[in-house]
Each structure stands twice: as C-alpha cells, then as structure tokens.
Amino acid sequence: MSYTHILVAVDLTEECDPVMTRAQVLARNNQAKLSVVHVVEPMAMAFGGDVPMDLSMLQQQQFDQARERLDAFAVKYNELAADQRHLTYGQPRQEIHRLAEEQGCDLIIVGSHGRHGLALLLGSTANDVLHGAPCDVLAVRLKKPE
Ligand code: AMP
C-alpha cells in the first residue's frame, strides 16, 4: 500500500530538518502529495487559559511572524507550493487531526524527542497526535543536542 497525501507537522525550529527530509523521501517514493502544517497556539493557553488582559494584538503579531517563518521554510524546501502550506490557530493535536481529515491525508509525520521519565508524563506533541489520529502517524526520532 502506498501513501497518497502526507501531512508533515512542523514547529518551524531547526529541528524540522530531519522530519522534513524524511517526509520528502517518503513522498517521492510513494509519489504522494506533501503538505505541511504549522499550528499557532493561543497565547492564553501558555498562561493556563485565564489571562486578565487583551492578547489579540500580540496574537496577531505571533500569527504574522509564523506566516513569515512558514514562507521562508517553503522557500528552503522548494517543493512546497502555496496550497501545500497550512498555518492554523489552535491546539496542535486538534488542528493536525482536523487538517489531515479535511485534506484527505493518509499519513501524518511528526518529530519525536523520545522522551522518558518525567518528561514523558508531561507529554509530547508526537504522543498527542498519535492518539485518535484519523490515519497512520510516523514519528521521526529527533536527536538530543550534543
Ligand atoms: P514537541 O513534542 O512539542 O517537542 O514537538 C515534537 C513535534 O511535534 C515537532 O517536531 C513537530 O513535528 C510537531 N509540532 C510541535 N509543535 C507544533 C506546532 N505548533 N505546529 C505543528 N507541529 C508541531
């Protein structure tokens, strides 16, 4: 069975490189379409959801910066046309699942830090995305910085 549409979730850090490289190889080998998604998380979530001030302007700036970074990312990986890049707002797990369903993706690729111990209890995006995913999920192991 080959994949037809692969969705890569990117956090737009330098750690994306191994994830994206693996995704490109898989897409080529499967002759699959490749799409990327970056999710901008609500600022209020970082403060536990209850913030007594208006964060909308800061949030807009964060969104604009993310768009610039995603555009630069697309230039770096020149296989990414405008309809292959998605910038969404919300909780990464929900947004990645929603987009995978909406776009008819049959494989989601995420990076994984291979956390263990307490860090594992705190959770990871890879773990989160795996649970309840609408299709296969590939977690690409990310090496710890030396
Ligand atoms: P984390 O567990 O948060 O360190 O992230 C591991 C992987 O989850 C990253 O390599 C990405 O594939 C994905 N990821 C994390 N944050 C985001 C985000 N905001 N948008 C899209 N994907 C993300």
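The shown structure was predicted, so the numbers you read here are calculated from the model rather than taken from an experiment.

1. Examining the site of the ligand
- Around the ligand, the surrounding shell holds 13 residues, and the nearest of these are Ala9, Val39, Gly111, His113 and Thr125.
- Val39 places a main-chain nitrogen or oxygen 2.8 Å from a nitrogen atom of the ligand.
- Compared with its free state, where it exposes 480 Å², the ligand has 88% of that area covered by protein.
- In the shell around the ligand, the residues fall into six nonpolar, five polar and two charged.

2. Structural notes on the nonpolar core
- Grouped together as the largest cluster of nonpolar side chains are 25 residues, with contacts concentrated most on Ile6, Val8, Met20, Val36, Phe73 and Ile109.
- Contributions of two or more residues to this core are made by strand S1 (5–9), helix H1 (16–30), strand S2 (33–40), helix H3 (56–76) and strand S4 (107–112).
- Ranked by the residues each element gives to this core, the list is headed by H1, at five residues.
- Apart from the residues within four sequence positions on either side, Ile109 is in contact with Ile6, Leu7, Val8, Ala9, Val19, Ala23, Leu26, Leu138 and Val140.
- Counting 13 residues, the second largest nonpolar core, distinct from the first, contains Leu7, Val37, Cys105 and Ile108.

3. Describing the pattern of salt bridges
- Tallied over the full model, the rule gives five salt bridges.
- A salt bridge links Asp83 to Lys33; the nearest nitrogen and oxygen atoms lie 3.7 Å apart. Here the residue Asp83 occupies a position in the loop between H3 and strand S3 (85–89), and Lys33 occupies one in strand S2, the gap between them amounting to 50 residues.
- Here Glu95 makes a salt bridge to Arg98, at a shortest N to O gap of 2.8 Å. Placement of both Glu95 and Arg98 in helix H4 (residues 92–102) is noted, with a separation of three residues, approximately one turn of the helix.
- Overall, the relative accessible area of 11% leaves Glu95 in the buried class.
- Through salt bridges with shared partners, one network takes in Glu95, Arg98 and Glu102.

4. What about the state of the cysteines?
- Overall, the coordinates contain zero disulfides when judged by the stated rule.
- With no disulfide partner, Cys105 has as its closest neighbouring cysteine sulfur the one in Cys135, 6.6 Å distant.
- Taking the relative accessible area as the measure of exposure, Cys105 reaches 8% and is therefore buried.

About the thresholds
Residues numbered from 1 in each chain as written. Predicted model: local features only at pLDDT ≥ 70, side-chain atom pairs only at ≥ 80, totals over all residues. Heavy atoms only, no water. Near = heavy atom within 4 Å. Polar contact = N/O pair within 3.5 Å; in protein donor to acceptor, adjacent residues only side chain to side chain. Areas by Shrake-Rupley, 256 points an atom, 1.4 Å probe, with all protein chains shown as cover. Nonpolar A, V, L, I, M, F, W, Y, C, P; charged D, E, K, R; others polar. Core = buried A, V, L, I, M, F, W, Y, C linked by side-chain atoms within 4.5 Å. Buried < 20%, exposed > 50% of the residue type's maximum accessible area, 1.4 Å probe, protein only. Helix = DSSP H or I, 4+ residues; strand = E, 2+ residues; numbered from the N terminus. Contact = heavy atoms within 4.5 Å. Salt bridge = Lys/Arg side-chain N within 4 Å of Asp/Glu carboxyl O. Disulfide = S-S within 2.5 Å.

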